[in-house]
Amino acid sequence: MSKRKLNRSVFLILLCLFIAVITPMYILCYGIYEWGKNLTTNEITQSLNSHSRFFISTLEDEIVRIKQLQYECLNDESLFYLANAWGIMSKFEQVNYMLSVQKRLQQLYNSSAYIANVNLWIPNLDRTISAKRGVDTITSEWEHILAAEPDASPARIVYLDNELYILSAYPSFSVSLDSTPLYILAVKLSSDNIREQMMSFNMYEKGGVVLSDSDQNYQSVVGNDIGLDMQIFEKNMDDKTFRGSDGQKYILVNNYSEYLNMDLSSYVSERLIYSDLYHYRNLFLLFTGVAIVMVTAYLVSANMFVNRPIKLLVRSLVKVEQGELDVRIQHNSNDEFGYLYSAFNRMLDSLEEMIELNYRQKMLTQDAELRQLQSQINPHFLYNSFFILYRMAKDEDYENITEFLTYLSDYYRYITRNALSEVPLTDEVNHAQKYAQIQFIRFRKRLSIDFEDLPKQFNNMMVPRLILQPLLENAFDHGLKDVASGGLLKVSFEEKEDALVIKVEDNGEGLGEEEFLHLQQRTQQTGDMEETTGLVNINKRLQLKFGKEYGLRLLQPETGGMCSELLLPLNKD
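This one's a predicted model, so the numbers in the text were calculated from it and none came from an experiment. (Residues numbered from 1 in each chain as written. Predicted model: local features only at pLDDT ≥ 70, side-chain atom pairs only at ≥ 80, totals over all residues. Heavy atoms only, no water.)

Caption draft 1: Up close: the pairing of strand β5 (residues 163-170). In terms of burial, β5 is a largely internal element, 6 of the 8 residues being buried. Counting the residues in the hairpin turn of strand β4 (residues 157-160) and β5 gives 2 residues, including D161, whose phi is positive at 50°. (Buried < 20%, exposed > 50% of the residue type's maximum accessible area, 1.4 Å probe, protein only. Helix = DSSP H or I, 4+ residues; strand = E, 2+ residues; numbered from the N terminus. Pairing = 2+ DSSP bridges.)

Caption draft 2: Seen up close, helix α11 (residues 398-415). With 18 residues, α11 extends 25 Å between its outermost C-alpha atoms, agreeing within 8% with the 26 Å of an ideal straight helix rising 1.5 Å per residue. Taken together, the buried positions of α11 are occupied by N400, I401, F404, Y407, L408, Y411, Y412, Y414 and I415. Relative to the axis of α11, the buried residues are bounded by an arc of 160° and lie together on one face. Residues of α11 that are exposed and point more than 90 degrees away from the buried face comprise Y398, E399, T402 and R413. (Expected span 1.5 Å × (residues − 1). Arc of directions from axis to C-beta.)

Caption draft 3: The nonpolar core, seen in detail. Judged by nonpolar contacts, the single largest core of 56 residues is most densely connected at L425, L468, L472, L566 and L568. Those residues in contact with L425 that sit more than four places away from it in its chain are L454, F458, N459, M461, V463, L500, I502 and L568. (Core = buried A, V, L, I, M, F, W, Y, C linked by side-chain atoms within 4.5 Å. Contact = heavy atoms within 4.5 Å.)

Caption draft 4: Summary view of the packing of aromatic side chains. Overall, the coordinates contain 10 aromatic pairs when judged by the stated rule. Ring centres of Y170 and Y183 lie 5.5 Å apart, and the angle between their planes is 10°; this geometry places the pair in the stacked category. Placement of the pair is Y170 in strand β5 and Y183 in strand β6 (residues 183-189), with a sequence separation of 13 residues. For Y170, a relative accessible area of 28% translates into the label partly exposed. Measuring from centroid to centroid gives 6.0 Å for Y435 and F476, while their planes differ by 65°, and the two rings are edge-to-face. With Y435 in helix α12 (residues 425-443) and F476 in helix α13 (residues 469-479), this pair connects stretches of sequence that are 41 residues apart. By the burial criterion, Y435 is buried, and F476 matches it. (Phe/Tyr/Trp six-rings, centres within 6.5 Å; stacked < 30°, edge-to-face > 60°.)

Caption draft 5: Spatial organisation of a positive patch on the surface. A contiguous patch of positive charge on the surface is contributed by R308, K311, R315 and K319. As for its placement among the helices and strands, R308 is situated in helix α9 (residues 307-321). A relative accessible area of 46% means that R308 is categorised as partly exposed. (Patch = residues over 30% accessible without salt bridge, like charges linked within 9 Å, V, L, I, M, F, W, Y side chains within 5 Å. Areas by Shrake-Rupley, 256 points an atom, 1.4 Å probe, with all protein chains shown as cover. Salt bridge = Lys/Arg side-chain N within 4 Å of Asp/Glu carboxyl O. Lys, Arg positive; Asp, Glu negative; His and termini not counted. Charge placed at Lys NZ, Arg CZ, Asp CG, Glu CD.)

Caption draft 6: Main features of a nonpolar patch on the surface. A contiguous nonpolar patch, built from Y280, L283, L286, V290 and M294 and spanning about 550 Å² of accessible area, is present on the exposed surface. Looking at where L286 falls in the secondary structure, it is placed in helix α8 (residues 275-303). Take L286: its relative accessible area is 56%, and that puts it in the exposed class.

Structure below.
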């Protein structure tokens, strides 16, 4: 044992020395790589951020200027007179004032490259005046504009069909909430011109720029569309990267305009930015792989003649601990390991012989206990069955006699089939149901039976025979023996964690605390020399097959009566 520790220690010392020498070198190389990566990321981020801030600031200034011109247009005297005096104007004056207003709208339209059109709606005229189309009737576009409400930002922007409108009214919307304004002026912004300006600072081939409002009602994309969702991005604001719809990672910079209530996001593919760094990283990883292979080959060669035989012996011992007793190991050299391997094989031969003898003894004991359980079940139950038949014959209840004899014949056919010590769980449950039906015919005026169906996935689970019917018999003979009426026997199946629980419950008087504790102790007795009958027999046979964590458990429900639980492993077929 000391030699094993010495060999293992030498191997670990060599490995630790190598790690102690090589680790600082790799940490330094990795630190340089990360430093270069972060430096590149910061430079790209600063560049994207400066361009984005410049554009969003320019756009804000332009919207502010457009709103000022829009405000001046709203207060135009000709427009005010046209909206209020339309009904008293002559035809000539109407045309003249409309042309004057249209000219004013055209001036506003020509004042900025960001304006696509200027529209004016005057309710008293039931007409619209456009800088580009002139006088027109109410269009579907205007119906949508009138139905929309400007957002809460100072810019008062409306989003319709991915287009931008700056909406103003006279009087203002805040004043005319309860009444129709004299006129509404809508400035439609040019999305094409905005995209053209965004394109001017999209400097990377695999990059892009997205302008969107906070509620995702408007989105203008220039460059590579990666399916950017700002609501998802805002949940991860601490992360500078974003995985696009194409599966690639992008460095992303976002600038928010409180005035416009809009986000301007610029991004570029990490694969494009880090292409050179990735090349050096791959060379570094290749060098690391070659170094690991060479060092591993050296360590394996140096320890092959000592470490490998010990590992083989340890692996064999682990298999033996797991229950594999057919393990045999060979060693070609006539050295210490050859002696250890031979002693290990002789030990397993002796262990198998002892286990075989113990197993046969257990099986003989189990068979004897099963026969004893059958002998306990048969005589008293047979006497009661004949008495039931006698009463049925005396009452000339021939139909129930036939049914009762069918149950009774099936019951005794199952009891006397001694060739099988294990049966499918479905057969055991069917036998218990036959027994329950026989007892129900006997006590139908005093009690009722609730017998659930066995879940189909457990039908083929192999279990020791006669583990369920004795629990029912115990409930009838003890729990429900003195019940005059209203008795209930319930059999249920429940899957809990790693066990199938079969419950047999009754609502009888139950046992006293001292008597119940004594019964629990007898059920859990483990001595092989003690007399084992009834519940003790069932618990021992289940634990012999499935292990100590399974078997029979007795409970006293708060509602009264007795509850017996069989715990079986979840071996579903």
